[in-house]
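# Descriptive structure summary
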There are 4 protein chains.
Amino acid sequence: MKKTIYEILQEAAPGNRVSQIFDIFLISLISLNVVVLVVGTVGEIHQVSPEAFQIFEIVSVAIFTVEYLLRIWSCTSNPRYRHPVLGRLSFAALPVVFVDLLAILPFYLAVIGGFQGADLRFLRVIRLLARIARLSRYSSGMRTLARVIHAKGNELLTVIVVLLVLLLMASSAMFFAENEAQPDKFSNIPQAMWWSVITLTTVGYGDVFPVTILGRLLAGLIAILGIGMFALPAGILGSGFVEEIRNRTDMPKVCPHCGKDILHSTSSEQG
Amino acid sequence: MKKTIYEILQEAAPGNRVSQIFDIFLISLISLNVVVLVVGTVGEIHQVSPEAFQIFEIVSVAIFTVEYLLRIWSCTSNPRYRHPVLGRLSFAALPVVFVDLLAILPFYLAVIGGFQGADLRFLRVIRLLARIARLSRYSSGMRTLARVIHAKGNELLTVIVVLLVLLLMASSAMFFAENEAQPDKFSNIPQAMWWSVITLTTVGYGDVFPVTILGRLLAGLIAILGIGMFALPAGILGSGFVEEIRNRTDMPKVCPHCGKDILHSTSSEQG
Amino acid sequence: MKKTIYEILQEAAPGNRVSQIFDIFLISLISLNVVVLVVGTVGEIHQVSPEAFQIFEIVSVAIFTVEYLLRIWSCTSNPRYRHPVLGRLSFAALPVVFVDLLAILPFYLAVIGGFQGADLRFLRVIRLLARIARLSRYSSGMRTLARVIHAKGNELLTVIVVLLVLLLMASSAMFFAENEAQPDKFSNIPQAMWWSVITLTTVGYGDVFPVTILGRLLAGLIAILGIGMFALPAGILGSGFVEEIRNRTDMPKVCPHCGKDILHSTSSEQG
Amino acid sequence: MKKTIYEILQEAAPGNRVSQIFDIFLISLISLNVVVLVVGTVGEIHQVSPEAFQIFEIVSVAIFTVEYLLRIWSCTSNPRYRHPVLGRLSFAALPVVFVDLLAILPFYLAVIGGFQGADLRFLRVIRLLARIARLSRYSSGMRTLARVIHAKGNELLTVIVVLLVLLLMASSAMFFAENEAQPDKFSNIPQAMWWSVITLTTVGYGDVFPVTILGRLLAGLIAILGIGMFALPAGILGSGFVEEIRNRTDMPKVCPHCGKDILHSTSSEQG
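Presented here is an overview of the structure given in this document. (Residues numbered from 1 in each chain as written. Chains lettered and ligands numbered in written order. Predicted model: local features only at pLDDT ≥ 70, side-chain atom pairs only at ≥ 80, totals over all residues. Heavy atoms only, no water.)

## Brief notes about the overall build of chain A
A count of helical and extended segments in chain A gives 12 helices and 0 strands. Its helices and strands taken in sequence order, chain A reads α-α-α-α-α-α-α-α-α-α-α-α from the N to the C terminus. Across the 271 residues in chain A, those meeting the buried criterion constitute 46%. When contacts within chain A are restricted to residue pairs at least 6 apart in sequence, long-range pairs at least 24 apart make up 61% of them. Accessible area of chain A: about 13600 Å², with a carbon and sulfur share of 69%. (Helix = DSSP H or I, 4+ residues; strand = E, 2+ residues; numbered from the N terminus. Buried < 20%, exposed > 50% of the residue type's maximum accessible area, 1.4 Å probe, protein only. Contact = heavy atoms within 4.5 Å. Areas by Shrake-Rupley, 256 points an atom, 1.4 Å probe, with all protein chains shown as cover.)

## Considering helix α8 (residues 140-151) of chain D
Residue and element names in this part refer to chain D. Between its first and last C-alpha, α8 extends 16 Å over 12 residues, near the 16 Å set by a 1.5 Å rise per residue. Where α8 is concerned, the buried positions are G141, M142, T144, L145 and V148. For α8, the angular spread of buried residues about the axis comes to 155°, placing them on one side. For α8, the exposed residues lying more than 90 degrees away from the buried face are H150 and A151. (Expected span 1.5 Å × (residues − 1). Arc of directions from axis to C-beta.)

## Topic: a nonpolar patch on the surface
Residues and elements named next belong to chain A. A cluster of nonpolar residues, M1, V66, L70 and W73, forms a patch on the protein surface that exposes about 420 Å² of accessible area. With respect to the helices and strands, the residue W73 is situated in helix α4 (residues 50-74). Accessibility expressed as a relative area gives 36% for W73, which makes it partly exposed. (Patch = residues over 30% accessible without salt bridge, like charges linked within 9 Å, V, L, I, M, F, W, Y side chains within 5 Å. Salt bridge = Lys/Arg side-chain N within 4 Å of Asp/Glu carboxyl O.)

## As for the pattern of salt bridges
A full pass over the atoms with the stated rule returns 32 salt bridges over all chains. Its salt-bridge partner being R134(A), residue E67(A) comes within 2.9 Å of it at the nearest N-O pair. Residue E67(A) is found in helix α4, and its partner R134(A) is found in helix α7 (residues 117-136); the two are separated by 67 residues along the sequence. The same class applies to E67(A) and to R134(A), which are both buried. D100(B) is the salt-bridge partner of R134(B), the closest N and O atoms lying 2.7 Å from each other. On the criterion of sequence distance, the pair formed by R134(B) in helix α7 (residues 117-136) and D100(B) in helix α6 (residues 95-112) is long-range, its members being 34 residues apart. D100(B) gets classed as buried once you look at its relative accessible area, which sits at 3%.

What follows is the structure, given as structure tokens:
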């Protein structure tokens, strides 16, 4: 019976009707929860009935808690996590399972009490992000994105290190050029980094910009050359994503000499 | 005779002179109509002679109505829509035909009366968009765009779902970071979504932006990583469009020397 | 002797020393002229000595005029333009020659007098643009750009027509959504087009943006989908440019079957 | 012994334990130094203890000076720089070595004294940029970027020349269109160039933008066509960078079945 519950809780394999029904129920509940939390931040809507929001939250947390405990209890039916303590711990440490915990923990921590202001806000954002993340498990697009980040991890890291160095150099130069003319906007290098990021990503709010001739010359140069490097993470993630979702419909790759599949080979063929 | 009228109303096949003349007349009338409606929104121009604008609209609607009724009447000459009622209904439900109805319906609904303010504005925008859409039928570029959207529909949908999730996560994080410092600009998560869209598309108006250190750190991170994903619909539509219009003028697919297909080769050629 | 002068005036063929010296002299004079005209717009610099600027202009125009007349006079030595009247007229109608005329004509028209305000400013901008264009003839990069615009002309036109239609549709929708809330910023559809262009190119100055919920929803949608199409002329020109400057260093393209060059073939090979 | 010191100072070859320890020590010291210099610009942090910052700088410069002198002294053990004077001079002229000098020279120049205001700020920015550059030597990403700039140098130069010409033309046109309406924002062509750069890179701060109808029409046209060209340096650097870091992990270049090179084939294989 433990095994049955485990399989129901996991994503439905095609054919397992109960598991599919459970999945649909869970997706609906989490979606509704996210929507409620999001529109609950709108003052006028929340004031209509704060109690309704509270009750909805308590009910949701109750259901999520029961589901989480059932998951932890039934995971030992999976041979990989069969140890009653260590198996359960390594199962609970899986990202997808840990996120389920993050979705309900803030509620209990807030109930235990003593959290104020910024800490309370932090708990609430963790709760919301965790629930959005739970939904993501069911979206093929989000799973693809996770795969892309994992696959291109090294490239991304190399690029981001270069970006940080360029950011530092651009911010330093612009700080020294503009500090005297705009001591409030370019008062120190960390503050100049805000200008750099917003400009090199071409967002360009316009809250901060150079006014001296030297500053403007530097800005123009930095923009023309630097925007390319700052577009790299975008390009790596974006094109990697499109590659992944197109990989299902690619043409077979065959060797133009012997006509066999490049991507696969049997042991007998390798000399 | 019904068949003749039907063929005249449809886009002209090469050679059918009457149909071509009709097409040119219709394109001119719709274009003129769109221009008149657009410049008619300029107060000073409209005040020159509101009656002239009215008369032009009435005449246009009259011609469009006659054309529409003729289309519906004559469509039964096409074997696919030969049933007097069902055939006409399925013909009228075709997108290109339905848009013709949307171009004249607002006029009659407004005449029937009782529409005020926002409803009247809605009718007017439907009327204008429908007439611009009618023009699009004659532009090869717009037909290509429609084909691209149809072809890449699945990819686009997957990407847009991922965008919405990322938008939600970015907005939630930025809301919790900035709400205290800027309760008017980041008063709730839906409002924070406005900041997210405008920043992640790099438009960056500058009407809203983070001022706290945490908010700015988050914004920088979100910008550098997220801009790539938000550029995806752009890339998918844009490159798909260019692919389509280049498919007609590609490099020769046959080798000019041996006459065989460059992209494919048969087994006998491979040693 | 006429033929000698013609060859000197034309761009130098490798080896023709006099022609090369003349080219260098002319490039220097035009560059200096452009720099003088550009910095001459700076009030403080111009006031140092308005007479010096005047004299420099008169001398430059004198030299350019003599050069132009010599060109027109000597062009008949080229067999293509040998007719004393028609040959000279078709030579003068060539873009590169016409630009030379545009560089000096404003001076004479201004001298003839009677031009005020906006007309005078128009003459002055034509003069400046024409002289910058004259310089462009000697830059391989600018010649490449001209080649790209010529080669991709059809693609560009199709794309620009689609852009105009999308611009019109986006502006109409946004006008009807925002006109009531911001009658000064969205007072008519042409004015809404300014918002559309600045947003869809992601420049996003921030002088105009939607404030209503419907307007913001529309803006987000328009931005996410429309930015792709507006990036197309950029992509077509940009990638075409890079293709052209790389075409000189490309690998030979050979047919994988028979090993001969794909791009060229002798008549005997075509069956 | 000189040779041993030389090898320790150079980047560590795999296996040379002392050299690796030295490298790690040096990277840590320079990183710490950069962090200290950057956060030292924040007024509140600097005021905590200006003496601490001074002492840290003096100690760092002392260590860097000793290291630099050791490098110059020991470089003659490398056969390429064996001449006591000329060898040391050409070694000191290498970019990577010159940067080490730039990192400590500002300190000594400032001590010698007599530098005020802008000059002092210039020395300080050189010192900071040089130290960030020293760090870059150890980052594979930055070395890759340097390789890309070197490889694509010609392309970049051609493109940048074209950009300057387009910048000049756009600025001139916009100056003449907007000068009368906004004499403060578009007071001369160099000032109009600021508008051009910020708009064509799509940063779009919003501090300057056209308000006349002609100016806005020009701006729209310039934006749609010009943004492509301004994205070119970005594309060249960005794609070149990604090419370089992927060159190490490419798909197999040999067919796993027949062991021959996929990209090339010999004539005997082609039937």
